[in-house]
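Residues per chain, in single letters:
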Amino acid sequence: MSIRVKLTAFILSAVFIVSMILTWVSFSSDRKNLETEIKKGAMTLLEKHISTIDSELEAVEKEAKGLAFAVQALGVGTDEQLENLIKYFLDDNPIVYGSTISFEPEQGSLRAPYYYRSGGDMLYNDLARPAYNYPKWEWFATPRLTGKPLWSEPYVDVGGGDTAMTTYSFPFDIGGKFAGVTTADVALSDLTDTIDLLRVGRHGYAFLLSKKGTFLSMRREEWKLKLSIFDAATEFGNEELQ
């Protein structure tokens, strides 16, 4: 083989190798750019859904506050008046699972009408039953103590709405003194349905946490109520979340 032929073969081989390297660099760069764009798009979509959820929960807070002001203006009121206020409140707020107007106990007397959704119906429950003892529940006891509204940690409302929920409570005054709370219950199943609409990559999923890190939406049915992100981190051996 002549030197010219060898040199030509060498040059062609070198050009081919350089071409392959450039192609790989270009592919690698395009892949990184693609990954960046996918992540950016996912974050934009996530922020949009978060904004929607925030708006819905802020609306719940605003309406519960409005219900409290209505009770303050009404005063003690009759049972029928209070029940109508609750039913109107639920009619206007489909995201709310249930609601009560619960009064500060006076001389051992309890008063707490409650309505909640069941299928397409609106059912009544009397939370003033001694067995339920609503003053002990976080959604009443904490605003009673602090005078401030509260989103409760998730719980199962046994004897009330009988489902896993989180409750927003807003305290109201009558005559300048604490007189009770109005509430808006949001079922965890509804939050989970909303969060499940989010897509995080091919196999990932989103979830919603309380201020204390407790799951408000539970993607896996075997996860127990009041499981926190820290419990999940321990289960999966993820030290970054612990």
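Residue indices follow the written sequence of each chain, beginning from 1 at its first position. Only residues with pLDDT of at least 70 get local features here, since the model is predicted, and only at 80 or more are side-chain atom pairs given and counted; chain-wide, interface and lining totals rely on the full set of residues. Only hydrogens and water are set aside when side-chain values are computed; all heavy atoms of the structure are taken into account.

Peer 1: Requested: an account of the overall build of the protein chain, with residues and values cited.
Peer 2: Secondary structure follows DSSP: runs of H or I at least 4 residues long count as helices, runs of E at least 2 residues long count as strands, and numbering of each begins at the N terminus. The number of helices and strands found in the protein chain is five helices and seven strands. Each helix (α) and strand (β) of the protein chain, taken in turn from the N terminus, gives the series α-α-β-β-β-α-β-β-β-β-α-α. Per-residue accessibility, obtained with a 1.4 Å probe over protein chains only, is compared with the maximum for each type, and a residue is labelled buried under 20%, exposed over 50%, and partly exposed between these values. Each of the 242 residues in the protein chain was classed as buried or not, and the buried ones make up 34%. Taking contacts inside the protein chain between residues at least 6 apart in sequence as the whole, the part at least 24 apart equals 48%. Only heavy atoms matter for contacts: two residues are in contact if any of them lie within 4.5 Å across the pair.

Peer 1: Explain helix α2 (residues 79-92) to me, and be specific about the residues and the numbers.
Peer 2: Over its 14 residues, α2 runs 20 Å from end to end, which matches the ideal 20 Å to within 8%, given 1.5 Å per residue. Residues L82, E83, I86, F89 and L90 constitute the buried set of α2. Down the axis, α2 shows its buried residues gathered within 120 degrees of arc, on one side only. Counted as exposed and oriented over 90 degrees from the buried face of α2: E80, Y88, D91 and D92. Here a helix's expected span is defined as the number of its residues, less one, multiplied by 1.5 Å. Here the arc refers to the set of directions running from the helix axis out to each C-beta atom.

Peer 1: Can you break down empty space enclosed by the protein residue by residue, with the values?
Peer 2: Computed over the protein atoms alone on a 1 Å grid, cavities are sets of points where a 1.4 Å probe fits but cannot get out and pockets are open sets with protein on both sides within 12 Å along at least five of seven lines; a residue lines them when it has an atom within 4 Å of a point. Grid points are joined across faces, edges and corners, and a volume is the space filled by probe spheres set on the points. Tallied over the entire structure, the rule returns one cavity of 30 Å³ or more. Its boundaries defined by the atoms lining it, the largest cavity holds a volume of some 40 Å³. If you go around the largest cavity, the residues you meet are T100, Y114, L127, Y132, W139, Y155, D157, M165, T183 and D185.

Peer 1: So what's going on with the layout of surface pockets? Which residues, and what values?
Peer 2: Computed from the structure, the second largest pocket encloses a volume of approximately 280 Å³. Lining the second largest pocket we find V76, F103, E104, E106, S109, L110, R111, I174, K177, F178 and A179. All residues other than Ala, Val, Leu, Ile, Met, Phe, Trp, Tyr, Cys, Pro, Asp, Glu, Lys and Arg, Gly among them, are scored as polar; the first ten of these are nonpolar and the last four charged. Residues that form the lining of the second largest pocket fall into these classes: six nonpolar, one polar and four charged.

Peer 1: Tell me about helix α3 (residues 138-146), and name the residues and values.
Peer 2: Along α3, the residues classified as buried are W139, F140 and P143. Considered in projection along α3, the buried side chains sweep an arc of 95 degrees and stay on one side of the axis.

Peer 1: Lay out the packing of aromatic side chains in plain terms, naming residues and giving numbers.
Peer 2: Pairing of aromatic rings covers Phe, Tyr and the six-membered ring of Trp, with a centre-to-centre limit of 6.5 Å; geometry is then stacked below 30 degrees between planes, edge-to-face above 60, and tilted otherwise. Inspection of every chain in the model, using the stated rule, returns twelve aromatic pairs. Arranged with centres 6.1 Å apart and planes meeting at 90 degrees, the rings of F69 and F170 form a pair that is edge-to-face. Taken together, the residues F69 in helix α1 (residues 3-74) and F170 in strand β6 (residues 164-174) connect sequence positions 101 residues apart. When the ring of F103 is compared with that of F172, the centres are 5.5 Å apart and the planes differ by 80 degrees; the resulting orientation is edge-to-face. Of this pair, F103 sits in strand β1 (residues 98-103) while F172 is found in strand β6, placing the two residues 69 residues apart along the sequence. Ring pairing ties together the aromatic residues Y134, W139, F140 and F178, which thus form one cluster. Placement of a positive charge over a ring is assigned whenever Lys NZ or Arg CZ falls within 6 Å of the ring centre and within 35 degrees of the normal to the ring plane. A cation sits over an aromatic face here: R111 above F103, 5.2 Å from the ring centre.

Peer 1: Quick one: what's the story with the nonpolar core, residue by residue and with numbers?
Peer 2: Each nonpolar core is a collection of buried residues, namely Ala, Val, Leu, Ile, Met, Phe, Trp, Tyr and Cys, held together in the definition by side-chain atoms within 4.5 Å. Within the largest apolar cluster, 18 residues are counted, with the highest numbers of intra-cluster contacts made by F89, L90, V96, I101, F103, F172 and A184. At the level of secondary structure, the elements contributing two or more residues to this core comprise α1, α2, β1, β6 and β7 (177-187). Counting residues per element, this core draws most heavily on α1, at five residues. Not counting residues up to four positions away in its chain, the partners in contact with F89 are E63, A64, L67, V96, S99, T183 and A184.

Peer 1: A description of the pattern of salt bridges should follow, citing residues and the corresponding values.
Peer 2: We define a salt bridge as a contact between a side-chain nitrogen of Lys or Arg and a carboxyl oxygen of Asp or Glu at a distance within 4 Å. Following the criterion strictly, the structure yields two salt bridges and no others. Where D79 meets R111, a salt bridge forms, and the shortest distance between an N and an O atom there is 3.1 Å. Within this pair, whereas D79 is found in helix α2, its partner R111 is found in the loop between β1 and β2 (113-118), the two being separated by 32 residues in sequence. Its salt-bridge partner being R144, residue E104 comes within 2.9 Å of it at the nearest N-O pair. Of this pair, E104 sits in the loop between β1 and β2 while R144 sits in helix α3, and the two are 40 residues apart along the sequence. For E104, a relative accessible area of 24% puts it in the partly exposed group. Among the residues examined, R144 registers a relative accessible area of 35% and is labelled partly exposed.

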